[in-house]
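Breakdown of the fold
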Amino acid sequence: GNSVTQMEGPVTLSEEAFLTINCTYTATGYPSLFWYVQYPGEGLQLLLKATKADDKGSNKGFEATYRKETTSFHLEKGSVQVSDSAVYFCALQPFTGGGNKLTFGTGTQLKVEL
Amino acid sequence: GAGVSQSPSNKVTEKGKDVELRCDPISGHTALYWYRQSLGQGLEFLIYFQGNSAPDKSGLPSDRFSAERTGGSVSTLTIQRTQQEDSAVYLCASSPNRDEQYFGPGTRLTVT
């Protein structure tokens, strides 16, 4: 079946540090890949997406590249801010079969300190 | 424009009671999803609607859980004879297309 594996959190960084949150997936075919973010007390928001191999999704300074060869979709940001503190979820949506449902990783909490 | 709304935002119920959770999707979105977020299980898919029909109910954990959607819009998730393990945040999402799902704020259900 489909699955997503994320690095365990929490990840604690100083402001302006470089961020990487690892995400790998297992799926047949060519799924679409997503990063969602959940700020404290708020709902899930789509951060970025990539729908085919080698695509790069980007938004708000965050980037992730769909790597078919390593089945990965790692999230990166060059300089984090305190306001980036949140829980980040990697997710996949199968290309065929399995409907359009999202399969999520367990989430990675990011804490950014001054 | 208005996003996905869910009601109630919080629900506390006694074990054994029935509860109904409501989702109002974004106008015009034909697809609607229910997910559950709990500490032990993370984010789990429950059910997917396309229009008023549910082609994928594979995530419903037991026959105590049911959902319907009427008029291609509002959806209700019903949990009968609630158990403590049903305590979670229930999330609704709607989608205009295959790729993007827009989530509501969730209903936090606590079963005492």
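Residues numbered from 1 in each chain as written. Chains lettered and ligands numbered in written order. Predicted model: local features only at pLDDT ≥ 70, side-chain atom pairs only at ≥ 80, totals over all residues. Heavy atoms only, no water.

This part covers the sheet that holds strand E9 (residues 75-77) of chain A. Strands belonging to one sheet form pairs held by backbone hydrogen bonds; the direction of such a pair is parallel or antiparallel. Residue and element names in this part refer to chain A. Spatially, E3-E9-E8-E7 is the arrangement adopted by the four strands of the open sheet, whose pairing is antiparallel. In this open sheet, the two strands that pair with only one neighbour each are strand E3 (19-21) and strand E7 (56-59). Strand-to-strand twist of the sheet, defined as the mean angle between neighbouring strand axes without regard to direction, takes the value 15°. (Pairing = 2+ DSSP bridges. Helix = DSSP H or I, 4+ residues; strand = E, 2+ residues; numbered from the N terminus. Axes fitted to C-alpha atoms, helices over the stretch in contact; angles between N-to-C directions.)

Residue and element names in this part refer to chain A. By the bridge criterion, four bridges tie E7 to strand E8 (residues 62-65) in an arrangement that is antiparallel. Within E8, the residue paired with Gly-57 across the bridge is Ala-64. In textbook terms, the turn of a hairpin is the stretch between consecutive antiparallel strands, and for E7 and E8 this stretch comprises two residues, one of which, Lys-60, has a positive phi near 55°. With three bridges connecting them, E8 and E9 associate as antiparallel partners. Bridge pairing in E9 places Phe-62 opposite Lys-77.

The next subject is the layout of surface pockets. Here the largest pocket is characterised by a volume of approximately 730 Å³. Every residue lining the largest pocket is counted, 32 residues in all, and those nearest its centre are Gln-38 of chain A together with Gln-37, Leu-39, Val-89 and Arg-108 of chain B. Listing elements by their share of the lining of the largest pocket, those giving two or more residues are strand E10 (86-93) and strand E12 (108-113) of chain A together with strand E4 (31-38), strand E5 (42-50), strand E9 (88-95) and strand E11 (107-111) of chain B. A total of four residues in the lining of the largest pocket trace back to one element, the largest contributor, which is E11 of chain B. For the lining of the largest pocket, the per-class residue count stands at 13 nonpolar, 17 polar and two charged. In this structure, the second largest pocket spans a volume of roughly 220 Å³. Taken together, 14 residues make up the lining of the second largest pocket; nearest its centre are Leu-102 and Thr-103 of chain A together with Leu-43, Glu-44 and Phe-45 of chain B. Counting residues per element, the lining of the second largest pocket draws most heavily on E5 of chain B, at four residues. Of the residues in the lining of the second largest pocket, the class split is five nonpolar, seven polar and two charged. (1 Å grid on protein atoms, 1.4 Å probe; cavity = no way out; pocket = protein on both sides within 12 Å on 5 of 7 lines; lining within 4 Å. Points joined across faces, edges and corners; volume = space filled by probe spheres on them. Nonpolar A, V, L, I, M, F, W, Y, C, P; charged D, E, K, R; others polar.)

Residues and elements named next belong to chain B. Taking burial as the measure, the five residues of strand E8 (residues 75-79) include five buried ones, the bulk of the element. On E8, burial covers both faces: Ser-75, Leu-77 and Ile-79 on one face and Thr-76 and Thr-78 on the other are all buried. Where strand E3 (residues 19-24) meets E8, five bridges bridge the pair, whose relative direction is antiparallel. Counted as the bridge partner of Cys-23 is Ser-75 from E8. (Buried < 20%, exposed > 50% of the residue type's maximum accessible area, 1.4 Å probe, protein only.)

Looking now at the pattern of salt bridges. Working definition: two side chains of opposite charge can pair if their charged atoms are close together. Overall, the coordinates contain eight salt bridges over all chains when judged by the stated rule. A salt bridge links Glu-100 of chain B to Lys-49 of chain A; the shortest N-O distance between them is 2.9 Å. Of the two residues, Glu-100 of chain B is situated in the loop between E9 and strand E10 (102-103) and Lys-49 of chain A in strand E6 (residues 44-50); the pairing between them involves two chains. Its relative accessible area of 27% is what places Lys-49 of chain A among the partly exposed residues. One salt bridge connects Lys-101 of chain A with Asp-56 of chain B, and the closest N-O pair in it is separated by 3.7 Å. Within this pair, whereas Lys-101 of chain A is found in the loop between E10 and strand E11 (103-104), its partner Asp-56 of chain B is found in strand E6 (residues 53-56), the two belonging to separate chains. (Salt bridge = Lys/Arg side-chain N within 4 Å of Asp/Glu carboxyl O.)

Attention now moves to the packing of aromatic side chains. Scanning the model with the defined rule gives 12 aromatic pairs over all chains in all. Lying over the aromatic face of Tyr-30 of chain A, Lys-68 of chain A brings its terminal NZ or CZ to 4.3 Å of the ring centre. (Phe/Tyr/Trp six-rings, centres within 6.5 Å; stacked < 30°, edge-to-face > 60°. Lys NZ or Arg CZ within 6 Å of the ring centre and 35° of its normal.)

Contacts between chain B and chain A engage 16 residues on the former and 19 residues on the latter. With both sides pooled, the region where chain B packs onto chain A buries about 1,600 Å², and carbon together with sulfur makes up 48% of that total. Contact with chain A buries surface across chain B, with Leu-43, Arg-98 and Asp-99 of chain B losing the most and accounting together for 40% of the total. Where chain B packs against chain A, one counts two salt bridges. When contributions to the side of chain B that touches chain A are tallied by element, the ones reaching two or more residues are E4 and E5 of chain B. Of the residues in the side of chain B that touches chain A, the class split is eight nonpolar, four polar and four charged. (Contact = heavy atoms within 4.5 Å. Buried area = accessible area lost by both parts, 1.4 Å probe.)

Any functional reading would require information that these geometric values do not contain.
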